[in-house]
Amino acid sequence: MVRTTVLALLALTSANAAAADPAALVQRDCMSCHGNEVYTRKDRMVNSLDALRHQINRCHQATGKNWTPEDVEAVVQSLNRGYYKF
C-alpha cells in the first residue's frame, strides 16, 4: 500500500514537472497540431510579443489543455527565445 502510494505520488510529481517545462508543453501540446513551420515561415501572422501571447492563449483555449497562466507565459517566452526574438 505504501509503495503504491509513493509510486503514484512520484508519477504525479513527474507529470507536473513535465507540464511546467515550457519545452515539454510545446513538444506535447503545440507540436501535436503543427510542426515548427508555423514559427519559421516568412509570412507568419505573429509579429509582436502581444500577438504571440494572444495566439498562445487562443490555441490553449481551443485545445482545452489544462495550462496555468504561468504555463502560458512560459510557453510564450520559450517560443519567443527560440523563434521570434521580439
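Remember, predicted model here, so these are calculated numbers, not experimental data. (Residues numbered from 1 in each chain as written. Predicted model: local features only at pLDDT ≥ 70, side-chain atom pairs only at ≥ 80, totals over all residues. Heavy atoms only, no water.)

Describing the overall build of the protein chain
- Counting its secondary structure elements, the protein chain contains five helices and zero strands.
- Reading the protein chain from its N end, one meets helices and strands in the order α-α-α-α-α.
- Counting across all 86 residues of the protein chain, residues that qualify as buried make up 23%.
- Intrachain contacts of the protein chain at a sequence separation of at least 6 include 63% that bridge at least 24 residues.
- Carbon and sulfur atoms make up 58% of the accessible area of the protein chain, which totals about 6000 Å². (Helix = DSSP H or I, 4+ residues; strand = E, 2+ residues; numbered from the N terminus. Buried < 20%, exposed > 50% of the residue type's maximum accessible area, 1.4 Å probe, protein only. Contact = heavy atoms within 4.5 Å. Areas by Shrake-Rupley, 256 points an atom, 1.4 Å probe, with all protein chains shown as cover.)

Thoughts on unusual backbone geometry
- With a phi close to 60°, lysine 85 is a non-glycine residue in the positive phi region.
- Locating lysine 85 in the fold gives a position in the segment after α5 (69-84).

Such coordinate-based values are descriptive only and should not be taken to indicate function.
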